[in-house]
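Listed below, chain by chain, are the residues.
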Amino acid sequence: MSKMKKGVRLDHISKIYQDPKTGKDFYAVKDTSLTIEPGSFVTLLGPSGCGKTTTLRMIAGFESPDEGEIYLGDEAINALTPNKRDTAMVFQSYALLPHYNVFDNVAYGLKLRKVPKDEIQKRVMRILDLVELTGMEGRMTNQLSGGQQQRVALARALVIEPSVLLFDEPLSNLDAKLRVSMRTEIRRIQQEVGITAIYVTHDQSEAMALSDNIIIMNKGVVAQMGSPQDIYYHPNSEFVADFIGEANFLKGVLDKMDGDHALLKIEGHSSRVPAKAGMTPGTYTVVLRPESAVLANQGGLPCEVTLSCFMGSYQNYHVKVGNTLVKLTDYNPKNKRIYQVGEKCCLAFDPESVHIL
Ligand code: ATP
């Protein structure tokens, strides 16, 4: 594909729906502005009802925003119908044509666009090669596995050479193993073609594995946008920290600020930790990931073990630090000291791995 890559920009976008129960209007998406770089893979992630699909459907043109403007590259596209936009959507339900074979399903969009027959032949075969379905072109779609049907859906979207590919939970109908292999395929194909991709999911591991950037939504607004590492290690709120991975929240007092570090005191134990510019002494919420701490005989926060569970590749612990329950995962527990329920010990953490909200 030799087209210029295009990014997407939402400029103060809102969508208002009417609640069918109460009859009252509400914002499904509220005053959302964001920029998706050309050629990047971006995932919209968030709890059910947070506005992910509505946002995607507005970009596709299936819904129109009540406020704001959507840009594809430099072009404002609010007024364009879906087929006039330079986008293509891959649906959860595949939405294949049941009485057509694989070739005709993929060729359909090109026929609508009146592309010459010999060019259709070339483009369809090239895309089927890309999604690894060469040799399947004569099969009816009901003779395909779920994974193969999803590849046909992907091929059908890619063959029209859109600038932006939109995915609405495309893997939710597949079993767990196939989801993992298909997501690797989707990432490979997106990178090979160099297309901009916007992907809706509520599966955080899918979002992590696929994305250059993740947009976390909550109640119709963007809670945070950043790389998977950014979001995981530097969440900007308890909501984001809790939504991505597991998080423990501890109360700590920050003191003795110097430059980018400060003294953090939790349950009488002090450590020097990284602090954000502009933080002042006071009480803060501290995010501790379960894999960022271990149990030790001494040195750390005094705690008591309330759960100790062998999980094969890791030992799962719950400990009480004061009145706060902390969850821990100690990887590769073979040949390590295993702490039992009721034991009093210490929770030791790497001070660089805590995050202060
Ligand atoms: P899910 O993960 O469950 O698919 P989502 O984040 O994609 O959720 P949306 O489908 O964007 O959420 O819906 C956002 C809100 O708007 C929800 O409260 C939903 O019930 C509501 N909603 C969606 N479509 C309509 C509609 N056509 N009319 C009224 N309300 C709607």
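Numbering of residues starts from 1 in each chain and follows the order in which that chain's sequence is written. Only residues with pLDDT of at least 70 get local features here, since the model is predicted, and only at 80 or more are side-chain atom pairs given and counted; chain-wide, interface and lining totals rely on the full set of residues. Each side-chain value is derived from all of the structure's non-hydrogen atoms; neither hydrogens nor water enter the calculation.

**Here we look at the environment of Leu 264**
Here comes step 1: Structurally, Leu 264 is set in strand E12 (residues 261-266).
Here comes step 2: Throughout this description, buried means an accessible area under 20% of the type-specific maximum (1.4 Å probe, protein chains only), exposed means over 50%, and partly exposed covers the range between. The class of Leu 264 is buried, set by a relative accessible area of 0%.
Here comes step 3: Remark: the alpha-carbon pair of Leu 264 and Val 286, spanning 22 residues in sequence, is separated by 9.3 Å. Comment: elements are numbered from the N terminus, with helices defined as DSSP H or I runs of at least four residues and strands as E runs of at least two.

**Some thoughts on the domain arrangement of the protein chain**
Here comes step 1: For the domains described, the bounds stem from an automatic or database domain assignment. Split into domains, the protein chain comes out as domain 1 (2-241) and domain 2 (246-356).
Here comes step 2: Averaged C-alpha coordinates put domain 1 and domain 2 at centres separated by 39 Å.
Here comes step 3: Domain 1 puts seven residues into the contact, and the matching count from domain 2 is seven residues.
Here comes step 4: Of the roughly 660 Å² buried between domain 1 and domain 2 on both sides combined, carbon and sulfur atoms contribute 46%.
Here comes step 5: In this description, buried area is defined as the sum, over both parts, of the accessible area (probe of 1.4 Å) that is lost when the two are combined. When residues of domain 1 are sorted by the area they lose upon contact with domain 2, Tyr 232, Glu 238 and Ala 241 head the list and together hold 72% of the total.
Here comes step 6: The term salt bridge refers to a side-chain nitrogen of Lys or Arg lying within 4 Å of a carboxyl oxygen of Asp or Glu. At the boundary of domain 1 with domain 2, the tally comes to zero salt bridges.
Here comes step 7: The term polar contact refers here to a pair of N or O atoms within 3.5 Å; inside protein, the definition further demands a hydrogen-donor-capable atom paired with an acceptor-capable atom, and it admits residues adjacent in sequence only when both atoms are side-chain atoms. Joining domain 1 to domain 2, the criterion identifies five residue pairs in polar contact (both at pLDDT 80 or more).
Here comes step 8: Going through the elements one at a time, helix H7 (228-233) and helix H8 (238-243) are the ones with two or more residues in the side of domain 1 that touches domain 2.
Here comes step 9: Top contributing element to the side of domain 1 that touches domain 2 by residue count: H7, with three residues.
Here comes step 10: We call Asp, Glu, Lys and Arg charged. Ala, Val, Leu, Ile, Met, Phe, Trp, Tyr, Cys and Pro are nonpolar, and the rest, Gly among them, are polar. Grouping the constituent residues of the side of domain 1 that touches domain 2 by class yields five nonpolar, one polar and one charged. Any two residues whose heavy atoms approach within 4.5 Å are treated as being in contact.

**Some details on the packing of helix H4 (residues 146-158) against helix H5 (residues 176-193)**
Axis angle and axis distance: for two packed helices, these are the angle between their axes and the distance between the axes, and together they describe the pair.
Here comes step 1: Here an angle of 0 to 180 degrees is reported between the N-to-C directions of two axes, which are lines fitted to C-alpha atoms, with helices fitted over the stretch in contact. Where H4 contacts H5, the axes come no closer than 11 Å and their chain directions differ by 20°. Considered as vectors, H4 and H5 are oriented roughly parallel to each other. Read as a crossing pair, H4 and H5 show a hand that is right-handed. In this structure, H4 uses Gly 147, Gln 150, Arg 151, Leu 154 and Leu 158 to contact H5, whose residues at the interface are Leu 178, Met 182, Glu 185, Ile 186, Ile 189 and Val 193.
Here comes step 2: Considering only residue class, the contact of H4 with H5 consists of seven nonpolar, two polar and two charged. Relative orientations are named as follows: roughly parallel for angles under 35 degrees, roughly antiparallel for angles over 145 degrees, roughly perpendicular for angles from 65 to 115 degrees, and oblique for any other angle. By definition, turning the near helix anticlockwise from the far helix through less than a right angle yields a left-handed crossing, and turning it clockwise yields a right-handed one.

**Things to note about the sheet that holds strand E10 (residues 221-226)**
Here comes step 1: Paired strands, in this sense, are two strands between which DSSP finds at least two bridges. Strands sit in the order E6-E7-E8-E3-E9-E10 across an open sheet of six strands; the sheet is mixed. This sheet does not close on itself; its edge strands, each paired only once, are strand E6 (87-90) and E10. Adjacent strand axes in the sheet meet at a mean angle of 20°, parallel and antiparallel pairs treated alike.
Here comes step 2: Pairing of strand E3 (residues 41-45) with strand E8 (residues 196-201), which is carried by five bridges, proceeds in the parallel orientation.

**Brief notes about the pairing of strand E11 (residues 248-258)**
Here comes step 1: Summarising the sheet, E11 and strand E14 (residues 282-288) pair through seven bridges and their orientation is antiparallel. By the bridge assignment for E14, Asn 248 is matched with Leu 288.
Here comes step 2: Pairing of E11 with E12 involves four bridges; the strand directions are antiparallel. Each bridged residue has a counterpart across the sheet, and for Asp 258 the counterpart in E12 is His 261.

**So, the nonpolar core**
Among soluble globular proteins, nonpolar side chains are generally buried collectively.
Here comes step 1: Take the buried Ala, Val, Leu, Ile, Met, Phe, Trp, Tyr and Cys residues and link them wherever side-chain atoms come within 4.5 Å; each set so joined is a nonpolar core. Among the nonpolar cores identified, the biggest contains 40 residues, and Val 124, Leu 128, Leu 154, Leu 158, Leu 165, Phe 167 and Ile 186 are the most heavily contacted of them.
Here comes step 2: Mapped onto this core, the elements with two or more residues apiece are E6, helix H2 (102-112), helix H3 (117-130), H4, strand E7 (164-168), H5 and E8.
Here comes step 3: With six residues, H4 is the single largest residue contributor to this core.
Here comes step 4: Formed by 27 residues, the second largest nonpolar core is a distinct cluster that contains Leu 250, Leu 288, Val 305 and Cys 345.

**Brief notes about the sheet that holds E11**
Here comes step 1: The five strands are arranged E13-E12-E11-E14-E20 in an open sheet whose pairing can be described as antiparallel. At either margin of the open sheet sits one strand with a lone partner, and together these are strand E13 (269-274) and strand E20 (355-356).

**Description of the pattern of salt bridges**
Here comes step 1: For the coordinates displayed, the defined rule picks out 19 salt bridges.
Here comes step 2: One network of salt bridges, with partners in common, ties together Glu 132, Arg 151, Glu 185, Arg 188 and Glu 192.

**Description of helix H1 (residues 52-60)**
Here comes step 1: Counting buried residues in H1 gives seven out of nine residues, a clear majority hidden from the surface.
Here comes step 2: Buried within H1 we find Lys 52, Thr 54, Thr 55, Leu 56, Met 58, Ile 59 and Ala 60.
Here comes step 3: One or two steps after H1, the chain reaches Gly 61, where phi turns positive at roughly 100°.

**Side note on the site of the ligand**
Here comes step 1: Nearness is judged by heavy atoms alone; a residue qualifies as near a molecule or strand once a single heavy atom is within 4 Å of it. Taken together, 13 residues lie around the ligand, and Ser 48, Gly 49, Lys 52, Thr 53 and Thr 54 are the ones closest in.
Here comes step 2: One of the side-chain nitrogen or oxygen atoms of Lys 52 is found 2.8 Å away from an oxygen atom of the ligand.
Here comes step 3: For the ligand, an oxygen atom lies 2.6 Å from a polar atom in the side chain of Thr 53.
Here comes step 4: Of all elements in the fold, only strand E1 (8-18), strand E2 (25-36) and H1 reach the threshold of two or more residues within the shell around the ligand.
Here comes step 5: When residues of the shell around the ligand are assigned to their parent elements, the largest contribution, three residues, is made by H1.
Here comes step 6: A breakdown of the residues in the shell around the ligand according to their chemical character gives five nonpolar, six polar and two charged.

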